[in-house]
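Each chain, letter by letter, is given below.
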Amino acid sequence: MRVPLSWIRDFAPVEGDVATLAGTLDDLGLVVEGVRRVGEGLERVVVARVEEIAAIAGADRIRAGVVDAGDGPVEVVCGAWNFAVGDLVPLAPVGAVLPGGFEIGRRKMKGVVSNGMLCSPRELELSEDHEGILVLGGAGTPAPGTPLMAALGLEPDVVFDVAVETNRPDAACVAGVARDLAAACKVPFGLPEAPEPPAGPVPVTELTTVVVADDDLCPRFVARVLTGVTVGESPAWVQRRLTLAGMRPVNSVVDASNYVMLELGQPTHPYDLDRVGGGGLRVRAARPGERVVTLDGKERVLGARSIGAGDDLRDCLICDATDTAIGIAGIMGGASTEISAGTRRVLLEAAYFSPMAVARTSKRLALRTEASARFERGCDPEGIDRSVRRLVELLAGVEVAAGQIDVRGPVPGPRPVAVRTARVNALLGTALSEAEIAGLLEPIGFAVRPSAGGVLDVTVPTFRPDTEREVDVIEEVARHHGYSRIARRTPRPAQVGEIDAYQRERRQVRDVLAGLGADEAWTASLLAPGDHERAGWPADGIRVANPLVPDQSVLRMSILPGMLAALAANAGRRQGEVRLFEVGHVFPPPEKARVDRALAAHQEWVVDEREMAAVALRAPGDDAMAASGAWYALADAMGITGVEVVADAEAAPAPAAGAGLHPARRGWLVHEEVQFGVVGEVDPDVLESFGLDPGAQRVGWLELDLGLLLGTAPRRSELAEAASRFPSSDLDLAFVVAEEVPAAAVRATLAAAGGGLLERVRLFDVYRGPGLPPGTRSLAFRLRFCALDHTLEEAELHELRARCVAAVGAAHGAELRG
Amino acid sequence: MTGADRHASDAFDPAGTVARARQAAADAGSLEALGELRGVLLGKRGELVRAQRALGGVAPEERRRLGEQINSARAEVEEVLAARQGQLRAEERARRLAEERLDLTEVVDVPRRGRVHVVERTRRQLEDVFVGMGFAVVEGPEVEDDWHNFEALNMPIAHPARGMWDTLYLELGPPESVVLRTHTSPVQIRLMQRERPPVYAVMPGRCYRRDTPDARHIPIFHQIEGLVVDKGISFSDLAGTIETFTGAYFGTDIHSRLRPSFFPFTEPSAEYEITCTICRGAGCRTCSQTGWIELGGCGMVDPAVFAAVGVDPEEWTGFAFGFGIDRCAQMRHQLPDMRVLLENDVRVLEQL
């Protein structure tokens, strides 16, 4: 909200430099987002009389003129045509710097020298008008040479751009800002009383009627009738203030309404009484589907769409006396009764509408206006009379019908709140006395009366709907005491700070994956429709009801699609050799029963979100085997044992698991029928659908359910095992093994057969080729044996060897390679 | 001198033998040549051996003296050879090692460790600061029900304050009943549903808003919130905690200040600003010459929030605060545009 300092000073004589005032507003929570100085740059602009106008040869858009600014003729060139000889116009002489920093220089156009510039209102930042030069009244007044600001009765001004929080409707107007600022600056604040206009000959009740059918939607409705109205331009000072506040002057009636809203916070609505059917108003809830054409020319459908639980669909309508809708209460008036140049009689509405009703309707219609923003936050129901009188005062000379119609329903009044001094100090960490608290509250309109037992009886004014409870009053105390004056203390909790085991291990997982040469990525959790299908998933995930862009409208069920997009984006920037990993949530679509349960009981998570760790390997030579190696390295680092890579599709319980992976190069990470993740290589077709060339480089893929893995997978014992001091012996055994038998199975058989003396077993060579039966390969293992209490003897080793060979033969039908 | 003496002297000249040996050793250019020389000087045909052999013919009284001369000459020759051998060995080692010279900057394909994401590292640093202050780290779901994200936080349906967050709703349940959480505050609610006070916890995590991305805002972002609930907690504790955290994370020359603001779930509420980390408070373009930049929001937990989770606000008081993790990373690393964080360009990931 733009607030001119001169306007603030109508209500409070605040002094001090602009930066200090801005700082004070900041400290009140009325954050100043910008400060604009206006009128600076107009000091050198003077009033000049047009003496001559002449065409310039060869120019049809500009003319030459001679003006007199009090000290002799000045030749200027001008592109505007709206002035004549004898008119008084503003002249910016050579050397003047206009608002916005435009410096006037001596210029030559079509051979004619221009020694200054005649200015439009916009160039002077007086209004938005740029139709032509500003022409000042009739000939002779003011005298040429008079400074323009003096001629217009204006002073340089400062405009604060204040961000008003939604809980402060009282501060959404100039007077409200002035009230807060005056209290902080310790200067008096006063709202001048506008006089009750002289009563016209006809009582208002003879000119119009008002019926409020639903007073819960409209607790108060005031109507007055203005007669003998001439719709014209507002006085210059009104136009200037509206302009400074960011509103466009329209006509005298609309301007007065806007002016009052900006000054006092009360929206009003003027109707052309002669266009109101039946000459009266009816306020009621709209019937579902009822329609009205608003001022902006759009047809609005009311009561038609629920915005959530608790919405009763009752939109408040203003109808004419024949019950035809002519406006949406508190939001926007209708086109049919709009004020026009020919309006002679104005029916003026000033009401207090239910904030929640306006909020719901505004949201339902997706229609926010200056008025609705104020009504939904809560206007002052007792400020209406003052606002109406002020509006009439602004329309100087208008006749007003005697009296006003005032329909009152359940209007919120001043609220009593008991405030405990001890509670104030306990919550703020202060040591304020009752008198100090009263001294902070009274200047902002709160009545404070000490009661027994350290309790203050505080009466909250009607313009502070935000302040209902003791704690709300305490906030006002804190605000006016000053947050910066509250001493600082750091609490010392009795508990030990910590991250839990899962969080600690999750950090470790990231470090391990980074150690494998992968950079951590952060791909979007929201995908485009069809991304899952492109990545080989059977269906799309949970959809966003109101996506900002369609590309971000589906919640991911796997990190794969986002990661492939990241690989493709890098490849597109000539960074094809990339390894990436990510840790993040995925969102399997929940069953309806689960959603219902979560929404009813507010306990369970709505979606069984899983935190996954995924690795994509696309460096030269990377493939499924590299991904599998990454898994084994990670498992080893985390001490996970017994989770095996299983290729058998039947071992995979989750239907979508393994989607998008190369069917012959994938495996599931399984322990006792629990599936922890998938490993393998991305299907070449999937790569292609993401714009990655499968011929250029294979992509290894590993995706783990991290929560499940770290929470439930079996781990190596933490207990120390003794290392033998006796020499160990190595045994190399190469088996010819059928392709269907996993190396891990042979390894497991060897580990079991080797027993307690087997220190470790390692697959060190795989051979396929001549010399082996078809459908087999040779797997060479190195077994290291060692005893804790003696050096192994030849006979023992011989026995161990025989046992291992026999076990592999029995379990896998594999023989030693000859 | 006798004639016999003279004869013996003519036959063996110890000084000359040693001098010749010294010269020959110096001339030997390699260990191999030196080995040959040793054979010549000390071998059967060498002067010393010949002189030794000739001793038999020398008069007994001379023999002893001459023998001593021969022995000492031999010892001297051996010393000369050993010295030369040491010298040649050192030279040869030096030559051999020089030949093995490596340019250690010729490394081909430096093994690369990947980087943990800058946002994650920032999160760790922030978590660690709060852990040091006695806080636990608590997490929750990214998909939330309306109750946790809004209603329990003192924002009933159609509450105007909901407009402060541009919310993404999901097609689950009745319209607008399930959201992508707009802040990590619902985790506070879940924590208080689960555990009784005292509570000292921070809640980091990913949040979503229906925002058009710009240099300082991205629709998917990370936030960390803190919640303290205990007996006797006041606004003083809030201000002190913010100041302690600010100094610990940004450096002791960075301070904090609180200004009145509005959040439905806190009362009183505050915006908190810290000394501009670019100009250290002197005033620059980033802080619009004010020396301060906005970091986040905070305040005393509103009694309505306590009521939603069944905590007695007369017995317990508390405060909450929150700010953007990505924003901290942006400030610390002076990222001009937050949107690069969503691009996953490895050139960015590798350097940050």
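Please read all numbers here as calculations on a predicted model, not as lab measurements.

Asker: Please set out the overall build of chain B residue by residue, giving values where relevant.
Answerer: Each helix and strand counted, chain B has 12 helices and 9 strands in total. With respect to the principal axes defined by its C-alpha atoms, chain B has extents near 135 × 45 × 45 Å. Of the roughly 15700 Å² that chain B leaves accessible, carbon and sulfur atoms contribute 50%.

Asker: Run through the overall build of chain A, naming residues and quoting values.
Answerer: Broken down by element type, chain A carries 22 helices and 41 strands. Expected size for 818 residues packed as a compact globule is a radius of gyration near 28 Å; at 41 Å, chain A overshoots this value by more than 25%. For chain A, the spread of C-alpha atoms along the principal axes amounts to about 130 × 85 × 60 Å. With the model as given, the accessible surface of chain A reaches about 35400 Å², and the carbon-plus-sulfur share is 52%. Between the mean site of the 84 positive side-chain charges and the mean site of the 113 negative ones, chain A shows a separation of 1 Å.

Asker: With reference to specific residues and values, describe the domain arrangement of chain B.
Answerer: Each domain of chain B was delimited in the assignment, giving domain 1 (3-100) and domain 2 (118-349). The C-alpha-based centres of domain 1 of chain B and domain 2 of chain B are spaced at 91 Å.

Asker: Would you mind going over the sheet that holds strand E1 (residues 2-4) of chain A in detail, with residue names and values included?
Answerer: Residue and element names in this part refer to chain A. Taken in spatial order, the 3 strands line up as E1-E12-E2 in an open sheet, and their pairing is antiparallel. Edge positions in the sheet fall to E1 and strand E2 (31-38), since each of these pairs with one other strand and no more. Going across the sheet, the axis of each strand differs from the next one's by a mean of 25°, ignoring polarity. Judged from the 3 bridges that link them, E1 and strand E12 (residues 157-163) form a sheet pairing that is antiparallel. Counted as the bridge partner of Pro4 is Val159 from E12. On the sheet, helix H2 (residues 18-27) packs against E2 and E12 and is oriented at approximately 155° with respect to E2.

Asker: Requested: an account of the confidence of the model for chain B, with residues and values cited.
Answerer: Any segment with low pLDDT has predicted coordinates that should not be analysed in fine detail. Residue and element names in this part refer to chain B. Counting all residues, the mean pLDDT for chain B is 90, and 96% of those residues have values of 70 or more. Averaged over each element, pLDDT in chain B is lowest for helix H1 (residues 3-11) (47) and highest for strand E1 (residues 136-137) (98). Across the whole predicted complex the pTM is 0.84, and at the interface the ipTM reaches 0.85.

Asker: Tell me what's going on with the sheet that holds strand E28 (residues 455-460) of chain A, and back it up with residues and numbers.
Answerer: Adjacent strands of a sheet pair through backbone hydrogen bonds, lying either parallel or antiparallel. Residues and elements named next belong to chain A. The 3 strands lie next to each other as E26-E28-E27, forming an open sheet whose pairing is antiparallel. Pairing within the sheet leaves two strands with one partner each, and these edge strands are strand E26 (415-420) and strand E27 (447-450). Neighbour to neighbour, the strand axes of the sheet diverge by 25° on average, direction disregarded. As paired elements, E26 and E28 share 6 bridges and run antiparallel to each other. Opposite Ala418, over in E28, you have Asp457 as the bridge partner. With respect to the sheet, helix H12 (residues 434-441) is in contact with E27 and E28, its orientation differing from that of E28 by roughly 5°. Contacts from helix H13 (residues 470-481) reach E26 and E28 within the one sheet, and its direction differs from that of E26 by about 70°.

Asker: Residue-level account of the pairing of strand E6 (residues 88-93) of chain A, with values.
Answerer: All names here are of chain A. For E6, the buried fraction is high: 5 of the 6 residues fall into the buried class. For strand E3 (residues 46-55) and E6, the ladder comprises 4 bridges, and the chain directions are antiparallel. Across the sheet, residue Ala48 finds its bridge partner in E6, namely Val89. As paired strands, E6 and strand E11 (residues 116-118) are joined by 3 bridges and run antiparallel to one another. Counterpart to Pro93 in the pairing with E11 is Gly116.

Asker: Can you break down the interface of chain A and chain B residue by residue, with the values?
Answerer: Of the residues lining the interface, 89 residues belong to chain A; the matching set on chain B comes to 100 residues. Across the chain A to chain B interface the summed buried area is about 8000 Å²; carbon plus sulfur atoms make up 53%. Looking only at chain A, the three residues that lose the most surface to chain B are A:Tyr483, A:Arg488 and A:Trp522, adding up to 11% of its buried area. Remark: the boundary between chain A and chain B carries 16 salt bridges. Here A:Arg573 and B:Glu343 are joined by a salt bridge, their closest N and O atoms 3.4 Å apart. Ranked by the residues each element gives to the side of chain A that touches chain B, the list is headed by helix H14 (residues 501-515) of chain A, at 7 residues.

Asker: Can you explain the pairing of strand E38 (residues 729-738) of chain A? Please cite residues and give values.
Answerer: Residues and elements named next belong to chain A. By the bridge criterion, 10 bridges tie E38 to strand E40 (residues 776-785) in an arrangement that is antiparallel. The partner of Leu733 across the bridge, within E40, is Phe781. Bridge analysis of E38 against strand E41 (residues 815-816) gives 2 bridges, and the strand direction is antiparallel. For Val736, the partnering residue across the bridge sits in E41 and is Glu815.

Asker: Describe the pattern of salt bridges, with residues and values.
Answerer: All names here are of chain A. Taken as a whole and judged by the stated rule, the model has 87 salt bridges over all chains. Taking the shortest distance from any N to any O, the salt bridge between Arg408 and Glu382 comes out at 3.0 Å. Placement of the pair is Arg408 in strand E25 (residues 405-408) and Glu382 in the loop between helix H9 (370-377) and helix H10 (384-394), with a sequence separation of 26 residues. In this structure Arg408 comes out as partly exposed when scored by relative accessible area, which is 44%. Linked through salt bridges whose partners overlap, the residues forming this network are Arg168, Asp170, Asp180, Arg464, Asp466, Glu476 and Arg479.

Asker: Go over the nonpolar core, please, and point to the residues and values.
Answerer: Taken as a class, soluble globular proteins show a tendency for nonpolar side chains to be buried jointly. One finds B:Phe245, B:Phe321 and B:Phe323 to be the most contacted residues of the largest nonpolar core, which totals 92 residues. Per element, the largest residue contribution to this core is 7 residues, and it comes from helix H9 (residues 235-250) of chain B. One finds A:Trp7, A:Ala256, A:Leu262 and A:Ile384 within the second-largest nonpolar core, a separate group that totals 54 residues.

Asker: Quick one: what's the story with the packing of aromatic side chains, residue by residue and with numbers?
Answerer: All names here are of chain B. One pass over the structure, following the stated rule, counts 15 aromatic pairs over all chains. A centroid spacing of 6.3 Å and a plane angle of 75° characterise the contact between Phe245 and Phe250, whose relative ring orientation is edge-to-face. Exposure class is identical for Phe245 and Phe250. Each is buried. Clustering of aromatic rings is evident, with ring pairs tying together Phe130, Phe135, Tyr200, Phe245, Tyr249, Phe250, Tyr272, Phe319, Phe321 and Phe323.

Asker: Go over helix H11 (residues 325-333) of chain B with me, naming the residues and quoting the values.
Answerer: Residues and elements named next belong to chain B. Among the 9 residues of H11, 7 are classified as buried, and the element is accordingly described as predominantly covered. Of all the positions in H11, only Ile325, Asp326, Arg327, Cys328, Ala329, Gln330 and Met331 are classed as buried. Looking one or two residues beyond H11, the residue adopting positive phi is Gln334, at roughly 50°.

Asker: Before we move on, can you summarise a positive patch on the surface with the specific residues and values?
Answerer: Residue and element names in this part refer to chain B. Together, Lys44, Arg45, Arg50 and Arg53 make up a positively charged patch on the protein surface. Within the fold, Arg53 resides in helix H4 (residues 47-54). Given a relative accessible area of 57%, Arg53 falls into the exposed group.

Asker: Give me the lowdown on the packing of helix H21 (residues 743-754) of chain A against helix H22 (residues 794-812) of chain A, citing residues and values where you can.
Answerer: Helices that pack against each other are described as a pair by the angle of their axes relative to one another and the distance between those axes. All names here are of chain A. With their axes 9 Å apart at the nearest point, H21 and H22 run at an angle of 140° to one another. Compared by their axis directions, H21 and H22 come out oblique. Here H21 runs over H22; the crossing is right-handed. Together, Ala745, Val746, Thr749, Leu750, Ala753 and Gly754 of H21 and Leu800, Arg803, Cys804, Ala807, Val808, Ala811 and His812 of H22 make up the contact between the two elements.

Asker: Describe in detail the environment of B:Glu267, supporting the description with residues and values.
Answerer: Residues and elements named next belong to chain B. Along the chain, Glu267 turns up in strand E7 (residues 266-275). The exposure class of Glu267 is buried, given its relative accessible area of 6%. Sequence separation between Glu267 and Asp302 is 35 residues, and the spatial gap between their C-alpha atoms is 5.2 Å.

Conventions used here
- Residues numbered from 1 in each chain as written.
- Chains lettered and ligands numbered in written order.
- Predicted model: local features only at pLDDT ≥ 70, side-chain atom pairs only at ≥ 80, totals over all residues.
- Heavy atoms only, no water.
- Helix = DSSP H or I, 4+ residues; strand = E, 2+ residues; numbered from the N terminus.
- Areas by Shrake-Rupley, 256 points an atom, 1.4 Å probe, with all protein chains shown as cover.
- Rg over C-alpha atoms; globule rule 2.2 N^0.38 Å.
- Lys, Arg positive; Asp, Glu negative; His and termini not counted.
- Charge placed at Lys NZ, Arg CZ, Asp CG, Glu CD.
- Domains from an automatic or database assignment.
- Pairing = 2+ DSSP bridges.
- Axes fitted to C-alpha atoms, helices over the stretch in contact; angles between N-to-C directions.
- Contact = heavy atoms within 4.5 Å.
- pLDDT = per-residue confidence, 0-100.
- Buried < 20%, exposed > 50% of the residue type's maximum accessible area, 1.4 Å probe, protein only.
- Buried area = accessible area lost by both parts, 1.4 Å probe.
- Salt bridge = Lys/Arg side-chain N within 4 Å of Asp/Glu carboxyl O.
- Core = buried A, V, L, I, M, F, W, Y, C linked by side-chain atoms within 4.5 Å.
- Phe/Tyr/Trp six-rings, centres within 6.5 Å; stacked < 30°, edge-to-face > 60°.
- Patch = residues over 30% accessible without salt bridge, like charges linked within 9 Å, V, L, I, M, F, W, Y side chains within 5 Å.
- Parallel < 35°, antiparallel > 145°, perpendicular 65-115°, else oblique.
- Left-handed = near helix turned anticlockwise from the far one by under 90°.

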